[in-house]
Structure formats: C-alpha cells, structure tokens
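Residue-level listing of the chains:
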Amino acid sequence: MMSMVGVLIVFGLVTYALTGSLTTTLIQTAVSAILLQVGYFLAVLYMVAKAARQRKSELETSATDEKAKSARVSRLNSPGPSKL
C-alpha cells in the first residue's frame, strides 16, 4: 500500500511539473490509481487461479499414486496372518 501511495505521489508531482495544472494532475493521478488497483486485482486473481490449478493437479497425482500403490500390494505382503 505504501509503495502504491509513493508511486502516485511521484506521478502527481511529475504530472504537475509537466502540465502546471492542478485539475489535470488530479484527474490523471486518479486514473493512474484506478489502473494500479485493476492491475493488482488481476495479478492476485491470476496467482489464485494458478495455485488452484496446481493444487488440483497435485491432488489428481496423489490419487493416481494411491491407486498404483494399492494395486501393487499383494496378499502376501499385507500385514497379519497369511491368507493362503
């Protein structure tokens, strides 16, 4: 949050130095703040979707591994008395 405020302050100062207009500076700084927030939201949305896809693939992989492990166990290797 503080870095975003810092960027907006610098942007506002540079815009005011270039244009000399307080109204133009306020409007452009407000538009920049909105664009920063939209970009931040999209970045967070992308990271959440990526983590969800990764978690889903890990769950599918572990389920496949469990099926493979259970298929490899024979009656002779299971604990307890022999079933012969």
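See the structure printed just above.
So, here's what we can say about the structure. Please read all numbers here as calculations on a predicted model, not as lab measurements.

1. Here we look at the overall build of the protein
Stage number 1. Check the secondary structure of the protein and you find two helices and zero strands.
Stage number 2. A buried classification covers 7% of the 84 residues belonging to the protein.
Stage number 3. Total accessible area on the protein stands at roughly 7,300 Å², and carbon and sulfur atoms take up 70% of it.

2. Looking at the side chain of Ser-32
Stage number 1. Inspection of the secondary structure puts Ser-32 in helix α2 (residues 22-72).
Stage number 2. Those residues in contact with Ser-32 that lie beyond four places of it in its chain are Leu-8 and Phe-11.

3. Here's the deal with the side chain of Thr-25
Stage number 1. Position of Thr-25 among the secondary structure elements: in helix α2.
Stage number 2. Once residues within four sequence positions are removed from consideration, Thr-25 is found in contact with Gly-12, Thr-15, Tyr-16 and Thr-19.

4. Some thoughts on helix α1 (residues 2-19)
Stage number 1. The terminal C-alpha atoms of α1 lie 25 Å apart, and with 18 residues this matches the ideal 26 Å at 1.5 Å per residue to within 8%.
Stage number 2. Within the span of α1, buried status applies to Leu-8, Gly-12 and Thr-15. Here the buried residues of α1 occupy an arc of 70° about the axis, which is enough to place them on one side. For α1, exposure combined with an orientation more than 90 degrees from the buried face picks out Met-2, Ser-3, Ile-9, Leu-13, Ala-17 and Leu-18.
Stage number 3. Two residues or fewer after α1 comes Gly-20, characterised by a positive phi angle close to 75°.

5. A few points about a nonpolar patch on the surface
Stage number 1. A cluster of nonpolar residues, Ile-34, Val-38, Phe-41, Leu-42 and Leu-45, forms a patch on the protein surface that exposes about 500 Å² of accessible area.
Stage number 2. Here Phe-41 lies in helix α2.

6. Thoughts on the environment of Val-7
Stage number 1. Take Val-7: it is sitting in helix α1.
Stage number 2. Through-space distance from the C-alpha of Val-7 to that of Thr-29 is 9.8 Å; in sequence the pair is 22 residues apart.

Parameters at a glance
Residues numbered from 1 in each chain as written. Predicted model: local features only at pLDDT ≥ 70, side-chain atom pairs only at ≥ 80, totals over all residues. Heavy atoms only, no water. Helix = DSSP H or I, 4+ residues; strand = E, 2+ residues; numbered from the N terminus. Buried < 20%, exposed > 50% of the residue type's maximum accessible area, 1.4 Å probe, protein only. Areas by Shrake-Rupley, 256 points an atom, 1.4 Å probe, with all protein chains shown as cover. Contact = heavy atoms within 4.5 Å. Expected span 1.5 Å × (residues − 1). Arc of directions from axis to C-beta. Patch = residues over 30% accessible without salt bridge, like charges linked within 9 Å, V, L, I, M, F, W, Y side chains within 5 Å. Salt bridge = Lys/Arg side-chain N within 4 Å of Asp/Glu carboxyl O.

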